Amino acid sequence: MPGMTMTEKILAGASGKKIVRPGEIVNARVNALMMTDLKGPYVFKVLEEELGTSKIRDGLDVVFVLDHLGPAHDIKSAQQFKACREAARKYGLPHFYDLGRQGIGHQVMCEDGYVFPGTVVAGIDSHSTTYGALGAVSFGISPTEGAIILATGELWLKVPETTRFTVTGNLPRRVSGKDIFLHIIGMTKWNGEVLYKAVEFTGPAISALSVSDRMAMCNMVAEMGAKNGIIAPDDKTAEYLAGWPEKRYDAVLSDPDAVYSHEYAVDVSSLSPRVSVPHRIDDVRPVEDVAGRKIDQAFLGSCTNGRLEDLMIAAEILKGRKVHPDVRLIVVPASRKIYLEAVRNGTIEILAEAGAAVLTPNCAACAGIGSGNIASGEVCISSTNRNFEGRMGAKDSEIYLASPATVAASAVEGVIADPRKY
Amino acid sequence: MENIIRGKVWKHGKVDTADIISTKIWLENLNNLDPDILGKHAMAPIDKEFASRAMRGDFRIIVSGKNFGGGGKSFEHGVIALKAVGIVLVVAESFARYNFRNSINNGLPVLECNGIFNAVEAGDEIEADLSTGVIKNLTSGAALQADPLPEFVLGIMEAGSYTAYIREQLRQTGTNEANCAGETL
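Treat the numbers as computed from the prediction; the structure is a model and nothing was measured.

Turning our attention to the packing of helix α12 (residues 308-318) of chain A against helix α15 (residues 404-413) of chain A. Residue and element names in this part refer to chain A. Interaxial distance between α12 and α15 falls to 8 Å at its minimum, and their mutual angle equals 30°. Looking at the two axes, α12 sits roughly parallel to α15. Crossing hand, α12 versus α15: right-handed. Listed contacts from α15 to Asp310, Ile313, Ala314, Ile317 and Leu318 of α12 are Pro404, Ala405, Ala408, Ala409 and Val412. Split into classes, the residues belonging to the contact of α12 with α15 amount to 9 nonpolar, no polar and 1 charged.

Written out as structure tokens, the structure reads:
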């Protein structure tokens, strides 16, 4: 009997089985559920009207975060926030994150102790794959499925096959987890072999990555059409979760003889910064090939790359320099905790001195429904995860995806720039 | 609902979400999942005769290749359209994630079966046992093994949807009483 991958083992445990195999459908216990301002009120409507209940299952962490619409910028978003607050009050939700106390939902899930190795966590948002960076099985679901989790604490799941990327080599200076991911998706292409599969990142280069960079990588597996992304928990994971010493968890690891549907070996020792060019995420070029392209806006934030070390790398590059006069640099810390730490350690001061517009934590322009959208014909270099046509504003605008370092270097030069110079 | 489904086959190698129901029709009916409207347009982008033939009873099972319902859209219009014209089962080499979940959640059985595409021709009659995953081609005599559907998924098919199934479970276990912690607004 062959071994199991960590995704298979976690789903077996969650469904009360010793062994599961890819293709098998299981009814799994879900430990935590994340929902946002976009679908929250609708989820409770389904719970009440379609499931005929208003009882939330005991033992389920329900995390409700107002992140997508930013501080209300029109009457419609104000009404939506009002509906969210009313639902949160009606259900007495203990983990409701309102403006000024919140962050982007995915960041809150990881940094506030709702995600632990070996658990199953769902979110009503496609980038819920982020939590796999802490060794959990996590994925995006529909609002209806969210309501079912609220009522039962369970969800049916198909056990996915796992594709493994073994990443080796010392990552060069100013090259990040984001660059590794962009390199990988450029190599495999969207709609490739990982559709509906688990993507497991492993190898010495992954062990060497910070939890923050691991989160960026697992965040973006959604862009490959994968079900979940996952990285084995290690000492860095334990350190990241040290704030919850009372929380007992099992560090579930893949068996040495686990079966993978595909295996890729990726050497990053000579990797240069990568840029995903409009309008396809898998259209990825080395920064050298697109350097010099004029930009109008640089965006640093999102659940992909709005964490403290992302802001600090940008500050390193921007210290003593100014944002190019023809460019706006928008910086959005991914959570209140990150914002506070960046204020305390001087990062925000450096960024603001350089001419960055710093916003309160939220999704902002990433999905084109918050602040910082771009106009017709404009070009934005962004640390976010999607560059679909018109995603951040006008249909004929362009989005280049890159690492925080590349975004910062480009903000300085006014054109797409190689951060290794700085 | 019976766990054994028998019927004639409509076959197509590559079916994306936008083939099951066109983007135009989906957008026109964004918040309106009316089976009568959607059914008329089922598979129209790749087979204009599909809806009329299905309703006439020419076939009731779809056999397809890899990544059935691919294209990354989460909307449920396609599943509603297929059910509306009498499709009772989709068997494919593999399914896109959203399509697989939407089908089961809306009570349309789906079986993932390696080798099905080459083992069945359009017009063949097949018999599938959802609970064992055994698929027989009654026309050619070939037999294949698909991933079976577990009992609770069969329960979802019986109830007609995931929400109807859960609603009934909650009713039976008596855990559906209201206990909102806060005041009602």
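Moving on, we come to the side chain of Asp129 of chain B. All names here are of chain B. In this fold, Asp129 is placed in strand β5 (residues 125-129). Look at Asp129: it is buried, it has no salt bridge, and the nearest opposite charge is Lys136 at 7.6 Å. Not counting the four nearest positions on each side in its chain, Asp129 is found in contact with Asn3, Ile4 and Val134.

Turning our eyes to something else, we now look at the domain arrangement of chain A. Residue and element names in this part refer to chain A. Domain annotation of chain A identifies domain 1 (6-242 + 261-265) and domain 2 (275-421). When each unit is reduced to the centre of its C-alpha atoms, the spacing between domain 1 and domain 2 is 24 Å. Counting residues at the interface gives 38 residues for domain 1, matched by 38 residues for domain 2. Joining domain 1 to domain 2, the criterion identifies 23 residue pairs in polar contact (both at pLDDT 80 or more). Sorting the residues of the side of domain 1 that touches domain 2 by element identifies α4 (105-111), α6 (177-188) and α8 (211-220) as the ones contributing at least two each. Partitioned by chemical class, the residues of the side of domain 1 that touches domain 2 number 11 nonpolar, 16 polar and 11 charged.

Residue and element names in this part refer to chain A. Per the counting criterion, the structure on display carries 28 salt bridges over all chains. The shortest N-O distance in the salt bridge between Glu223 and Arg386 comes to 3.0 Å. Highlighted residues: Glu223 in the loop between α8 and β10 (228-231) and Arg386 in the loop between β17 (379-382) and β18 (398-401), separated in sequence by 163 residues. Exposure remark for Glu223: the relative accessible area of 2% places this residue in the buried category. According to the relative accessible area criterion, Arg386 is buried, its value standing at 15%. A salt bridge links Arg280 to Asp282; the nearest nitrogen and oxygen atoms lie 2.8 Å apart. With relative accessibility at 48%, the residue Arg280 sits in the partly exposed group. Put simply, Glu288, Asp418 and Arg420 are held in one network by salt bridges that share partners.

Parameters and conventions
- Residues numbered from 1 in each chain as written.
- Chains lettered and ligands numbered in written order.
- Predicted model: local features only at pLDDT ≥ 70, side-chain atom pairs only at ≥ 80, totals over all residues.
- Heavy atoms only, no water.
- Axes fitted to C-alpha atoms, helices over the stretch in contact; angles between N-to-C directions.
- Helix = DSSP H or I, 4+ residues; strand = E, 2+ residues; numbered from the N terminus.
- Parallel < 35°, antiparallel > 145°, perpendicular 65-115°, else oblique.
- Left-handed = near helix turned anticlockwise from the far one by under 90°.
- Contact = heavy atoms within 4.5 Å.
- Nonpolar A, V, L, I, M, F, W, Y, C, P; charged D, E, K, R; others polar.
- Buried < 20%, exposed > 50% of the residue type's maximum accessible area, 1.4 Å probe, protein only.
- Lys, Arg positive; Asp, Glu negative; His and termini not counted.
- Salt bridge = Lys/Arg side-chain N within 4 Å of Asp/Glu carboxyl O.
- Domains from an automatic or database assignment.
- Polar contact = N/O pair within 3.5 Å; in protein donor to acceptor, adjacent residues only side chain to side chain.

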